[in-house]
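So the chains spell out like this:
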Amino acid sequence: MYDVIEFLQSKGELLTGKAVAKEDVEKIEEQLGVSFANDYKKIVSTYGFVCVDGHEITGITNAKRLNVYEVTTKERESLACDMSRMYVIEQTYIDDIVIWQSASGEVFQTNGNHEPVKIADCIIN
């Protein structure tokens with residue numbers, strides 16, 4: 001099993017927010033109607049959000065464009081497919097590509113209104 005925090009730290013310079021309490025993570029999960037994958041929970045509880053290697057991983061922060069609740073809610077409204085069991089981990093702002101994660105940790109991509117396509121087994125693939 002990999003350690004997502006060690007992996008992120010090995011990538012070099014990180015831009016992060018602040019650690020988030022377990023209760024706050026659970027509150028956002030409840031509001032979104034999802035369970036976050038363990039690796040995502042670890043990222044959020046350690047960093048709040050992360051920017052690394054050109055990727056901006058959503059989290060719990062006051063910055064709306066990086067706030068998992070704000071971004072997930074907005075993206076769910078714009079899609080024809082049902083993404084109610086997933087949450088956005090990255091809004092790329094390129095060609096309508098959005099990266100989602102399920103509670104099991106699998107990572108999916110949507111592009112416009114196309115059905116989600118699985119692209120990885122976990123967040124660091």
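In short, a report on the structure. (Residues numbered from 1 in each chain as written. Predicted model: local features only at pLDDT ≥ 70, side-chain atom pairs only at ≥ 80, totals over all residues. Heavy atoms only, no water.)

Some points on the sheet that holds strand 5 (residues 97-102)
Strand pairing in a sheet takes place through backbone hydrogen bonds and is either antiparallel or parallel in direction.
Turning to step 1, where the next piece is worked out: Reading across the sheet, the four strands line up as 4-5-6-7 and stay open at both edges, with antiparallel pairing between neighbours. What marks the edges here is a single partner per strand, and that holds for strand 4 (86-91) and strand 7 (117-120). For this sheet the average axis-to-axis angle between neighbouring strands, irrespective of direction, equals 40 degrees.
Turning to step 2, where the next piece is worked out: Across five bridges, strand 5 lies against strand 6 (residues 107-111) in antiparallel orientation. The partner of Gln101 across the bridge, within strand 6, is Val107.
Turning to step 3, where the next piece is worked out: Strand contacts of helix 4 (residues 68-78): strand 4 and strand 5, with the helix running at about 105 degrees to strand 4, the strand carrying the most contacts. (Pairing = 2+ DSSP bridges. Helix = DSSP H or I, 4+ residues; strand = E, 2+ residues; numbered from the N terminus. Axes fitted to C-alpha atoms, helices over the stretch in contact; angles between N-to-C directions. Contact = heavy atoms within 4.5 Å.)

What to know about the side chain of Glu75
Turning to step 1, where the next piece is worked out: Relative to the helices and strands, Glu75 resides in helix 4.
Turning to step 2, where the next piece is worked out: The buried charged residue Glu75 lacks any salt bridge partner; its closest oppositely charged side chain belongs to Lys74, at an N-O distance of 4.7 Å. (Buried < 20%, exposed > 50% of the residue type's maximum accessible area, 1.4 Å probe, protein only. Lys, Arg positive; Asp, Glu negative; His and termini not counted. Salt bridge = Lys/Arg side-chain N within 4 Å of Asp/Glu carboxyl O.)

Things to note about the packing of aromatic side chains
Turning to step 1, where the next piece is worked out: A complete count under the given rule lists three aromatic pairs for this structure.
Turning to step 2, where the next piece is worked out: When the centroid spacing of 4.9 Å and the interplanar angle of 65 degrees are considered together, the rings of Phe36 and Tyr40 count as edge-to-face. Taken individually, Phe36 and Tyr40 each receive the classification buried, so the pair is uniform in this respect.
Turning to step 3, where the next piece is worked out: Residues Tyr40 and Tyr87 carry aromatic rings whose centres are separated by 5.0 Å and whose planes lie at 45 degrees to one another, so their mutual orientation is tilted. Of this pair, Tyr40 sits in helix 3 (residues 38-47) while Tyr87 sits in strand 4, and the two are 47 residues apart along the sequence. There is no split in this pair, since Tyr40 and Tyr87 are both buried.
Turning to step 4, where the next piece is worked out: Here a set of aromatic residues connected by ring pairs shows up, and it is made of Phe36, Tyr40 and Tyr87. (Phe/Tyr/Trp six-rings, centres within 6.5 Å; stacked < 30°, edge-to-face > 60°.)

Topic: the sheet that holds strand 2 (residues 50-52)
Turning to step 1, where the next piece is worked out: Pairing is antiparallel across the open sheet formed by three strands, whose spatial order is 1-2-3. The open sheet is flanked by strand 1 (15-16) and strand 3 (55-57), the only strands paired with a single partner.
Turning to step 2, where the next piece is worked out: Here strand 2 pairs with strand 3 via three bridges, running antiparallel. If you follow Val52 over to strand 3, its bridge partner there is His55.

Remarks on the pairing of strand 4
Turning to step 1, where the next piece is worked out: Within strand 4, six of the six residues are buried, which leaves it mostly tucked inside the rest of the structure.
Turning to step 2, where the next piece is worked out: With five bridges joining them, strand 4 and strand 5 adopt antiparallel strand pairing. Across the sheet, the residue bridging to Tyr87 is Gln101, located in strand 5.

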